[in-house]
Each structure stands twice: as structure tokens, then as C-alpha cells.
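# An overview of the molecular structure
What follows is each chain in one-letter form.
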Amino acid sequence: MLSPVRTSAPATTPITLTEAKAHLRVGHTAEDTLIGIYIDAATATLDGWTGILGRCMVTQTWRQDFDGFYDDMRLPFPDVQSVTVAYYDSTNTSQTLSGSVYTLVNDAGGARIELAYNQTFPATYDRLDAVRVTLVAGYGAASAVPAALKAAMLLHVGVMFTARGDADGSGELPPAYHALVAPYRVVGV
């Protein structure tokens, strides 16, 4: 299995500039660009394949390639809303797999594609990306992101805004940040 690739970024960040400015008690626009950078950094720290949560927050699209079909194909994120499965058949021609052949499962173990009852996967060409799963993942719109994650992001933005690169270690995230994030981290089974 290759690393997943994001093909469509979320339309918005989980917290808005207005929310961040209210949290920071900033009433002017002179630092809007800087605060926007902090929002993006706080989002990147948590979100997606490289984020510490191991999940997507706001709806986004990813592609996960496999070298073939398996009866139980683990997807890189939980909270998968939908999938489309394409593959290269035995003649190396791209095909789309009928949704009746597989089932998308979201459970405590994460998201996966399972072979549907009484179905078989077709043969694939010998290549690393023989099967391409396009998946839409995330809680939904920014309004659906849990309040604890939004609060953690606001704390993170606050630390970056206040510390501004201080070398004395004052830029550390408070224990409350970690307590807010911990319940939402994906833990390997």
C-alpha cells in the first residue's frame, strides 16, 4: 500500500479567522495574514495523513492506491463518507468497479472496503497502483468538527500568536491542548 495522496483540500479550515481573532482578543486587521498562517499551521498539525489525529476534520478527498484487491482493504482514515474504486484490469486498462462488489465499513477499527457477500474481485494488472480508491473523508463541514478540536486549535493559535518564536520554551502547548486532542486520535489496532 502506498501513502495516500490528497486530491481535494477542504473548502475551509475548522476554525475561522473571526473565531481566532475573538479568541486572541484582536480587534484590528493588521495581523489577519499572520493569524491565518497560524490557523493553517494548527490545522496541519492535526489534520490528514501527516496530522497527529490520523483523521480528516473538514471534508476532503484522498486517493489510496493498492497493488491489488484484498478481501479487507484498510483505508487510511476513519469517518469515510464515500468511496469510488477504480482498477487496472489484466490488460492494463482502467476500469471502475461496481459498488455492488464491495461494502464500505466504518467502525471502531477505522474504515475499510470489504468484499460483498457472494462477490469476487476482478483480476488486476501487476503494478503498484493496480487499485485506486478515491475516498471522501472527514466529519463534514467545519460546523461538524467537534468543539474540543476547535478549542484545541484556538489554544494552538493563541500559543503561536503569543510566543512568536520565543526561544525560551514559552511556545509549548498547554496540557489542556493534549487533553482536548487525545480522545480524537486514531490509535492503531
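See the structure above.
An account of the accompanying structure is given in this report.

Cut-offs used in this document
- In this convention, every chain numbers its residues from 1, walking through the sequence in written order.
- Local features in this predicted model are restricted to residues whose pLDDT is 70 or higher, and side-chain atom pairs enter the listing and the counts only when it is 80 or higher, whereas totals over whole chains, interfaces and linings include all residues.
- As a convention, hydrogens and water are excluded, and side-chain values are obtained from all of the structure's heavy atoms.
- Pairing between strands requires that DSSP locate at least two bridges from one strand to the other.
- Helix and strand assignments come from DSSP, with helices taken as H or I runs of at least 4 residues and strands as E runs of at least 2, each series counted from the N terminus.
- Fitting a line to C-alpha atoms yields each axis, with helices limited to the stretch in contact; the angle taken between N-to-C directions then spans 0 to 180 degrees.
- The set of buried Ala, Val, Leu, Ile, Met, Phe, Trp, Tyr and Cys residues whose side-chain atoms join them within 4.5 Å is what this entry labels a nonpolar core.
- Any residue under 20% of the maximum accessible area for its type is buried, any over 50% is exposed, and the rest in between are partly exposed; the area is computed with a 1.4 Å probe on protein chains only.
- What makes two residues a contact is simply this: any of their non-hydrogen atoms within 4.5 Å.
- For this classification, under 35 degrees means roughly parallel, over 145 means roughly antiparallel, 65 to 115 means roughly perpendicular, and everything else is oblique.
- Put simply, Ala, Val, Leu, Ile, Met, Phe, Trp, Tyr, Cys and Pro go in the nonpolar bin, Asp, Glu, Lys and Arg in the charged bin, and everything else, Gly too, in the polar bin.
- When a carboxyl oxygen of Asp or Glu lies within 4 Å of a side-chain nitrogen of Lys or Arg, that pair is called a salt bridge.
- Working rule for helices: expected span equals 1.5 Å times residues minus one.
- When we speak of the arc, we mean the arc of directions from the helix axis to the C-beta atoms.

### What to know about the sheet that holds strand S7 (residues 110-115)
Spatial ordering of the open sheet is given by S3-S7-S6, a layout of three strands whose pairing is antiparallel. The open sheet is flanked by strand S3 (72-74) and strand S6 (102-107), the only strands paired with a single partner. Neighbour-to-neighbour, the strand axes of this sheet turn through a mean angle of 25°, independent of strand direction. Here S3 pairs with S7 via three bridges, running antiparallel.

### Focus: the nonpolar core
Core analysis: the biggest nonpolar cluster contains 23 residues, and Ile35, Leu46, Met57 and Val157 have the highest contact counts within it. Of all the secondary structure elements, the ones that give two or more residues to this core are helix H1 (17-24), helix H2 (32-46), helix H3 (147-163) and helix H4 (175-181). Of the residues forming this core, the biggest block, seven residues, is contributed by H3. In this view, Met57 contacts Pro14, Thr43, Leu46, Asp47, Gly138, Tyr139, Gly140, Val145, Leu149 and Met153; residues no more than four positions away in its chain are not counted. Ranked by size, the runner-up nonpolar core spans 21 residues in total, among them Met73, Phe77, Tyr102 and Leu135.

### Looking at the packing of H1 against H2
At a minimum axis separation of 10 Å, H1 and H2 run at an interaxial angle of 105°. As far as their axial angle goes, H2 and H1 are roughly perpendicular. Between H1 and H2, the residues in contact are Leu17, Ala20, Lys21 and Leu24 and Asp32, Ile35, Gly36 and Ile39, respectively. Counted by class, the contact of H1 with H2 contains five nonpolar, one polar and two charged residues.

### A short note on the pattern of salt bridges
Under the definition given, this model contains ten salt bridges. Between Asp65 and Arg63 there is a salt bridge, and its shortest N-O distance comes to 3.0 Å. Exposure remark for Asp65: the relative accessible area of 6% places this residue in the buried category. A salt bridge links Arg132 to Asp129, with the nearest nitrogen and oxygen atoms 2.9 Å apart.

### Looking at the pairing of strand S8 (residues 131-137)
Along any regular strand, the residues point their side chains to alternate faces of the sheet. Residues Val131, Val133, Leu135 and Ala137 line the buried face of S8, whereas the alternating positions Arg132, Thr134 and Val136 sit on a face that is not buried. Taken together, the seven bridges between strand S2 (residues 60-66) and S8 define a ladder with antiparallel strand orientation. The residue bridging Asp65 from the neighbouring strand is Arg132, located in S8. Here strand S4 (residues 80-88) runs beside S8; their pairing, made up of seven bridges, is antiparallel.

### Observations regarding H2
Between its first and last C-alpha atoms H2 spans 21 Å; for 15 residues at 1.5 Å apiece the expected length is 21 Å, and the two agree. Listed in full, the buried residues belonging to H2 are Asp32, Ile35, Tyr38, Ile39, Ala42, Thr43 and Leu46. Projection of H2 onto a plane perpendicular to its axis shows the buried side chains occupying an angular sector of 135°, all on one side. Buried-residue contacts for H2 involve H1, H3 and H4. Just beyond H2, the residue with positive phi is Gly48, at close to 75°.

Note that all results are geometric; they support no functional claim without further evidence.
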